[in-house]
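Survey of secondary and tertiary structure
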Amino acid sequence: MSDAAYDAGYDHGYWQRPGHVVAAGIGLSVLDIVCVGLRFAARRKQRQPLRVDDWLLIPATLFTVGIGVSITYGVSKHALSYPYVLPDDAPEDVLAAASEQLSIEGAIQWAYTLLLPLSLGFTKASFLFFYKRIFAVHNSGKTSIFLTGMIALVFVWMVGFFLTFLFMCRLDFWALWTTARAIIDHCISDTNPNFSLAVTDVITDVIILAIPIPLIWRLNLTSAKKMAVTAVFLFGAVTVAASLTRLVLTTKILTVGYTDDVDPILLVTSFIYWGMVESGVAVFVACLPTLWIFFSGTTWLPLVKVVRSFATNSLSSLRLLRTRRSKHSINVDDSSNGIYLRKRSNSTHSGSRSANAAQNNDINSPYQVYPLGDIKVEEV
């Protein structure tokens, strides 16, 4: 392999160095575990039950940690981040050369392609269930229907790519950790699936990022308050930036492909590194809205005022709408700060905050009052 051809393949950077790869694998895994643990602690502190969006982050974190463990192991075995060493007894067809280094690298790459759509899929679903819990008061409303459709689409997306990569070699799984020639002969090309995954990943991230914006800007708030509330949800832009970076690198890497002039180990290292970064950052960002409770009493309090106004105005609009449609109405004022409404079910919601709020409303109302637990609202 000539140096000129090697350098022309793709840009080399810190994402191929052993220290950076291990730091990403271990650091992001630990960060996600801590953030998800704090998210559950925040729920307990708020005396709120765990919801679907909370539970979905557990498999998302486990799959992300799985990627981190695999790449850390790969670096320890020199199967990632180190140049490919051609065996002394290699045949004339370099792609048919077999070695322990290539075998481990192939197994890690396959594990990564299976874990990545699962990690990203569960994280996207967590975002969407969070939006549905906050914004979709009516299960039959347009917002709820749209979010339900997006959730279904994300799960189909996740399962579809998982099965595609699982059976990319049909039942010849052994080909994935033997030689590049075996992959070419027994497996479908992974160029199109990987590129499709990267493109659709960016598209869904952009949609998920944009969903809360029109809902916020339809509220009767000042422009300054709308911008402040929007900024809370735009933390998701970090995930979009990570997925867009991975798309750019994936496009460039897949353009190079497996040839005699490209180091397969460093090629795969770049590919996996950015997937780890995206999945790790996505879980971290998904936890941020719930973790605001730990910042009460700090410089975040002005933002709490904005969110308080957001909740009050939103509930006031709902009250006016329901007054026109139903004989029953629910009084919403400053005393019901930080709640949202659902139709009353057979079960009774427990918790001191919801019980106190329910006492201020018509007991015969078909709607039940629940606390808006993700954003702590308090007197400031």
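Residues numbered from 1 in each chain as written. Predicted model: local features only at pLDDT ≥ 70, side-chain atom pairs only at ≥ 80, totals over all residues. Heavy atoms only, no water.

1. What about the overall build of the protein?
- Summing up its helical and strand segments, the protein has 13 helices and two strands in all.
- For the protein, the proportion of its 380 residues judged to be buried stands at 51%.
- Across the protein, every contact between residues at least 6 apart in sequence was considered, and the portion connecting residues at least 24 apart equals 77%.
- For the protein, the exposed area adds up to about 17,800 Å²; of that, 64% sits on carbon and sulfur atoms. (Helix = DSSP H or I, 4+ residues; strand = E, 2+ residues; numbered from the N terminus. Buried < 20%, exposed > 50% of the residue type's maximum accessible area, 1.4 Å probe, protein only. Contact = heavy atoms within 4.5 Å. Areas by Shrake-Rupley, 256 points an atom, 1.4 Å probe, with all protein chains shown as cover.)

2. Structural notes on the state of the cysteines
- This model, assessed by the stated rule, comprises one disulfide.
- No disulfide involves Cys35; its nearest neighbouring cysteine sulfur is the one of Cys287, lying 5.4 Å away.
- Taking the relative accessible area as the measure of exposure, Cys35 reaches 5% and is therefore buried.
- The class of Cys287 is buried, set by a relative accessible area of 0%. (Disulfide = S-S within 2.5 Å.)

3. Let's talk about the packing of aromatic side chains
- Under the defined criterion, the tally for this structure stands at 16 aromatic pairs.
- Taken together, a centroid distance of 6.2 Å and an interplanar angle of 80° make the contact between Phe122 and Phe155 edge-to-face. Here Phe122, found in helix H4 (residues 100–135), pairs with Phe155, found in helix H5 (residues 142–166); they are 33 residues apart in sequence, far enough to count as distant.
- Phe155 gets classed as partly exposed once you look at its relative accessible area, which sits at 26%.
- With centroids separated by 6.3 Å and ring planes inclined at 45°, the aromatic side chains of Phe167 and Phe173 adopt a geometry described as tilted.
- Taking relative accessible area as the criterion, Phe173 reaches 24% and is therefore assigned partly exposed. (Phe/Tyr/Trp six-rings, centres within 6.5 Å; stacked < 30°, edge-to-face > 60°.)

4. Examining the pattern of salt bridges
- Under the counting rule described, the total for this entry stands at nine salt bridges.
- Ionic pairing is found between Asp54 and Arg43, a salt bridge with its closest N-O pair at 2.8 Å. Taken together, the positions of Asp54 in helix H3 (residues 52–76) and Arg43 in helix H2 (residues 18–45) put the pair eleven residues apart, joining distant regions of the chain. Here Asp54 and Arg43 have matching classes, each one buried.
- The closest approach of N and O atoms between Arg246 and Glu278, which form a salt bridge, is 2.5 Å. You can see Arg246 sitting in helix H10 (residues 237–256) and its partner Glu278 sitting in helix H11 (residues 264–287), a full 32 residues away along the chain. (Salt bridge = Lys/Arg side-chain N within 4 Å of Asp/Glu carboxyl O.)

5. Observations concerning the side chain of Arg246
- What makes Arg246 buried here is its relative accessible area of 1%.
- For Arg246, the contacting residues outside a window of four places in its chain are Tyr112, Leu116, Leu120, Leu197, Ala198, Asp201, Trp274, Gly275 and Glu278.

6. Comments concerning unusual backbone geometry
- Here Ser81, not a glycine, exhibits a phi torsion of approximately 70°, which is positive.
- Relative to the helices and strands, Ser81 is located in the loop between H3 and H4.
- Backbone geometry at Arg170 places phi at a positive 60°, although glycine is not the residue there.
- Within the element layout of this structure, Arg170 appears in the loop between H5 and helix H6 (180–186).
- On the basis of relative accessible area, Arg170 is assigned to the exposed category, the value being 51%.

7. A look at the confidence of the model for the protein
- Chain-level statistics for the protein give a pLDDT mean of 77 and a share of 73% at 70 or above.
- Taken together, the stretch residues 317–380 has pLDDT below 50 and engages in 117 contacts with residues farther than four places along the chain or on a different chain. (pLDDT = per-residue confidence, 0-100.)

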